[in-house]
Amino acid sequence: MLNCVLIGAGYIAGNHVDALLKNKDVRVVGVVCRTAEHATPFIEKVGEGCRHYLTIEDACNENKVDFVDICVPTNLHEEYTIRAAELGCHVLCEKPVTFTVESFDRMIAACEKANVKFMAAQVVRFMGEPNKIHDFIKSGKLGNVHFFYEKRLCQHPTWSTWHRDVNASGGGLYDLNIHDIDNLYWNFGMPESVYATGWKSGTDCWNHVATTLTWASGAKAVCETSLEMTGDFPFSVEMRGTGDKGTFQYLLSAGANINDAEVNQKFTWYPAGEEGCESVAAAEMDGFSGEIDAFVDAVINDKEVPIKAVDVRNVIQIILATKKSLEENCVVKI
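Calculation criteria
Residues numbered from 1 in each chain as written. Predicted model: local features only at pLDDT ≥ 70, side-chain atom pairs only at ≥ 80, totals over all residues. Heavy atoms only, no water. Helix = DSSP H or I, 4+ residues; strand = E, 2+ residues; numbered from the N terminus. Rg over C-alpha atoms; globule rule 2.2 N^0.38 Å. Buried < 20%, exposed > 50% of the residue type's maximum accessible area, 1.4 Å probe, protein only. Contact = heavy atoms within 4.5 Å. Areas by Shrake-Rupley, 256 points an atom, 1.4 Å probe, with all protein chains shown as cover. Expected span 1.5 Å × (residues − 1). Pairing = 2+ DSSP bridges. Axes fitted to C-alpha atoms, helices over the stretch in contact; angles between N-to-C directions. Phe/Tyr/Trp six-rings, centres within 6.5 Å; stacked < 30°, edge-to-face > 60°. Core = buried A, V, L, I, M, F, W, Y, C linked by side-chain atoms within 4.5 Å. Salt bridge = Lys/Arg side-chain N within 4 Å of Asp/Glu carboxyl O.

**A look at the overall build of the chain**
- On a plain count of helices and strands, the chain comes out with 11 helices and 15 strands.
- Its C-alpha radius of gyration of 20 Å places the chain within 12% of the 20 Å reference for a compact globule of 334 residues.
- Reported as C-alpha extents along the three principal axes, the dimensions of the chain are approximately 65 × 40 × 40 Å.
- Within the chain, the proportion of its 334 residues that are buried is 54%.
- Pairs at least 24 residues apart make up 67% of the contacts formed inside the chain by residues separated by at least 6 positions.
- Working note: accessible area of the chain is about 14800 Å², and carbon and sulfur atoms make up 48% of it.

Okay, structure coming up:
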């Protein structure tokens, strides 16, 4: 049984604690946050044996802590990762893990020095439809990929205000866009170049972004992100890929935010040279449980985590190249 301390008591921490409680090999022994008031609902959900702590150090002084699950604003990730590593705790850290390569290198150096594992919680990699799409590409079902499109459009989160602070969240470019950039990297590897256009908010956040990515293989993709949709615009996701063997399209829509309404999904395959189309069934997968279960398995069995540090670092580099392109209106070679 592994003892876990949850760092943070906000919206995303709620998703994490639900997944932690489903894992039979995990015991949540503490919640670290600034106030007992925010921690109380989590402690009540976990039940006996879980307490509120003001610091990781306090939690580790009273418990044997095997790993921490970091769910605080992005600008705090480096500090908490390094402190946890120095205390001998493995680290699961919400995305985006940080804003710069230099910051990430410091985080990984601390974990390597302490001989603890680090994994980024890239939840999309553990969802059913993205995994099915990954299989389409890697198995050759699409054939040679001609073009790929991803979008993730939503309104600003209603559960917090820190997403509007570029110093805390990085804005949509980091907080939302990273889901699809990581997914494209997972499927195609490191692109050769990016070109991006977008709109920056009054708080200096790039919150509307459209990026064209090109790979040495000849594959191309457009990734569209918005954290500033208006009115009743629903949380919307699309993934579409076309190759010489066919085209798939995956569509998802929900409420103003993804948990505000029933999620509607449609996944369709259009084989090349044939009439009609067919619905695609993907395995039902709880992404939050999937990432936590994979991390816990790596810790218990001393295995490499499925999302490697080099992959996280490369995704940060793609985001930084996108930012450079937005700011300088140019194609950026990676």
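**What about helix α6 (residues 128-139)?**
- The first and last C-alpha atoms of α6 sit 16 Å apart over 12 residues, in line with the 16 Å expected at 1.5 Å per residue.
- Buried residues of α6: Gly128, Glu129, Pro130, Ile133, His134, Phe136 and Ile137, and no others.
- Taken together, the buried residues of α6 touch β7 (145-153), α9 (177-188), β11 (236-243), β12 (246-253) and β13 (264-271).

**A short note on the sheet that holds strand β5 (residues 90-94)**
- The 6 strands lie next to each other as β3-β2-β1-β4-β5-β6, forming an open sheet whose pairing is parallel. Unpaired on one side and paired on the other, β3 (51-53) and β6 (118-121) mark the two borders of the sheet. Geometrically, the sheet is characterised by an average inter-axis angle of 25° between neighbouring strands, direction not taken into account.
- Both strand β1 (residues 2-7) and strand β4 (residues 67-70) contribute to a ladder of 4 bridges, which runs parallel. In the strand pairing of β4, Ile7 is matched with Ile70.
- Across the sheet, helix α10 (residues 287-300) touches β1, β2 (26-32), β4, β5 and β6, and the angle it forms with β5 is around 160°.

**With respect to the packing of aromatic side chains**
- On inspection of all chains with the given rule, the structure shows 11 aromatic pairs.
- The interplanar angle of 80° and the centroid separation of 5.4 Å between the aromatic rings of Phe136 and Trp269 together place this pair among those described as edge-to-face. Within this pair, whereas Phe136 is found in helix α6, its partner Trp269 is found in strand β13, the two being separated by 133 residues in sequence.
- Between Phe188 and Trp215, the ring centres sit 5.1 Å apart and the planes meet at 50°, which makes this aromatic pair tilted. Here the residue Phe188 occupies a position in helix α9, and Trp215 occupies one in the loop between β9 (206-214) and β10 (220-226), the gap between them amounting to 27 residues.
- Classification of Phe188 as buried rests on a relative accessible area of 18%.
- One aromatic cluster is present, formed by Phe136, Phe148, Phe188, Trp215, Phe248, Tyr250, Phe267 and Trp269 through successive ring pairs.

**Considering the nonpolar core**
- Of all hydrophobic cores here, the largest spans 105 residues; its most connected members are Ile7, Val68, Val97, Phe118, Leu213 and Phe248.
- Excluding its chain neighbours within four sequence positions, the residues that come into contact with Phe248 are Ile133, Phe136, Leu142, Phe148, Met239, Arg240, Gly241, Phe267, Thr268 and Trp269.

**Overview of the sheet that holds β11**
- As summarised here, the arrangement of the 9 strands in space is β14-β13-β12-β11-β7-β10-β9-β8-β15, forming an open sheet in which the pairing is mixed. Two strands in the sheet have a free side with no partner beyond their single neighbour: β14 (278-279) and β15 (332-333).
- Pairing of β9 with β10, which is carried by 7 bridges, proceeds in the antiparallel orientation. By the bridge assignment for β10, His208 is matched with Ser226.
- Docked against the sheet, helix α11 (residues 309-328) engages β8 (193-200), β9 and β15, running at close to 60° with respect to β8.

**Points about the pattern of salt bridges**
- Under the defined criterion, the tally for this structure stands at 19 salt bridges.
- Lys45 is the salt-bridge partner of Asp18, the closest N and O atoms lying 2.9 Å from each other. Here Lys45 lies in helix α2 (residues 36-46) and Asp18 lies in helix α1 (residues 11-22), a separation of 27 residues in the sequence.
- Note on Asp18: relative accessible area 34%, which makes it partly exposed.
- Salt-bridge contacts for Asp175 lead to Lys95; the nearest nitrogen and oxygen are separated by 3.8 Å. Taken together, the residues span a long stretch of sequence, with Asp175 in helix α8 (residues 172-175) and Lys95 in the loop between β5 and α5 (101-114) at a distance of 80 residues. Both residues of the pair, Asp175 and Lys95, count as buried.
- One connected set of salt bridges, linked through shared partners, spans Glu57, Glu79 and Arg83.

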